[in-house]
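Observations on the three-dimensional arrangement
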Amino acid sequence: REPARAPSHVAPAYGLISLGRAQTPPGDYEAARVTLERALTLRSDALGPDNPLVAEPLHFLSEVLLRAGRDRDAFELALRAESIARNHLRLTARGAPERQALRYAAERMSGLDLALTIAANLRDPAVSESGWDTLIRSRAVVLDEMATRHRLAGQGDASLSEAFVAYRTAAERLVNVLLRGPGGASVEQYQRKTAELRAAEEAAERRVAAASESIRAALAERELGLAEVAAALPDRTTLVAFARVGGDARSGVTEASYVAFVLDAARSSPRVVSLGPAREIETAIRRWRGELRSEAAAA
């Protein structure tokens, strides 16, 4: 494909990603790294560094680096892949029907499981902090968007509703162009088009926010991360968060497990603790629930 295309054309990236994935299981990690980095460069240069199609080679490259023993490099790439995919999910949720948005959220590629698994293994305060921050930002993205829609419906303001419809339409147009890629157009034309549509989507979002205090607050809440959560933690308290990671082909982590993040008000950095395989924990939970039901019935 590469000799038949311009050096910067994005089409060969599809074949390179497949080749890199095929090189990984036999343990040819260096060859897989080179192949996937080439695919990543093609997509980043042609589509832009934050395009949702860039998340795919980033995710598979992070898997290769993890298998090659480069945990920290793998962690950074997994976080970047998750950030790109999360932002696209938020954009998709704005323009999609609720059922479609929820389905996309369940099936999308995510670097979160891989990043949390690495964080649990490294036990580095800085890594733990970045992992928990990403976990906070990645939870309930679609549900937050649905809540925003319901807030609008409850306000009964026709001008605000019209502004939000325009906002959703602008988001949908941008999503469609991002996922189609350049197609027959040149890379330069594609980049100009996406820049125009992104500017239109951001302007539409600002109009909605300007028209409603509650929507402005809801949009601001999207930016909350670990720093804001930690700042709100009362004295002499401990915050614990649990996450189920892995267990499906898209996650990059074969066996499902649970991790816990722990933050004491007196500590500056959180800890991340691996709790073990999900199968054992979930079996224990089912057993405890059965015992509780039996005790309740006996009472």
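It should be noted that the structure appears before, not after, this text.
Starting afresh in each chain, residues are numbered from 1 along the sequence in its written order. For this predicted model, a pLDDT threshold of at least 70 governs which residues receive local features, and a threshold of 80 or more governs which side-chain atom pairs are given and counted, while totals over whole chains, interfaces and linings are taken from all residues. Excluding hydrogens and water, the side-chain values take into account all heavy atoms of the structure.

Description of the overall build of the chain
Filter applied, for reference: Per the convention used, a helix needs a DSSP run of H or I reaching at least four residues, while a strand needs a run of E reaching at least two, with both numbered from the N terminus. Think of it in three bands: with a 1.4 Å probe and only protein chains considered, a residue is buried below 20% of the maximum accessible area for its type, exposed above 50%, and partly exposed in between. Two residues form a contact once any of their heavy atoms are found within 4.5 Å. Areas reported here follow the Shrake-Rupley algorithm with a probe of radius 1.4 Å; residue values treat only the protein chains shown as occluding. Charged residues are defined narrowly, with Lys and Arg counted positive, Asp and Glu counted negative, and His plus the chain ends left uncounted. Charge coordinates come from a single atom per side chain, which is NZ of Lys, CZ of Arg, CG of Asp or CD of Glu.
From N to C terminus, the chain includes 13 helices and three strands. C-alpha extents for the chain along the principal axes are approximately 75 × 60 × 40 Å. A total of 299 residues make up the chain; the buried ones form 44% of that total. Look at the contacts in the chain between residues 6 or more apart in sequence, and 65% of them connect residues 24 or more apart. Accessible area for the chain stands at about 15900 Å²; split by element, carbon and sulfur atoms hold 52% of it. Charge separation in the chain, taken as the distance between the mean sites of 41 positive and 40 negative side-chain charges, equals 3 Å.

A closer look at the packing of helix α2 (residues 29-47) against helix α10 (residues 187-211)
Our working definition: Fitted lines through C-alpha atoms give the axes, limited to the stretch in contact for helices. The angle between two N-to-C directions lies from 0 to 180 degrees. Roughly parallel here means an angle under 35 degrees, roughly antiparallel means over 145, roughly perpendicular means 65 to 115, and every remaining angle is called oblique.
Two elements in contact, α2 and α10, have axes separated by 8 Å at closest approach and are oriented at 60°. It follows from the interaxial angle that α2 and α10 lie oblique. Contact residues: α2 offers Asp-45, Ala-46 and Leu-47, while α10 offers Val-187, Tyr-190 and Gln-191.

As for the packing of aromatic side chains
Filter applied, for reference: Put simply, two rings from Phe, Tyr or Trp (the six-membered ring, in Trp's case) pair if the centres are within 6.5 Å, and we call them stacked under 30 degrees between planes, edge-to-face over 60, tilted for the rest.
Applying the stated criterion to the full structure yields two aromatic pairs. An angle of 25° between the planes, with centres 5.4 Å apart, marks the rings of Trp-132 and Phe-261 as stacked. A residue pair is termed long-range when its members are at least 10 positions apart, and Trp-132 in helix α7 (residues 125-138) and Phe-261 in strand β2 (residues 257-264) qualify at 129 residues. Under the relative-accessibility criterion, Phe-261 is labelled buried at 0%.

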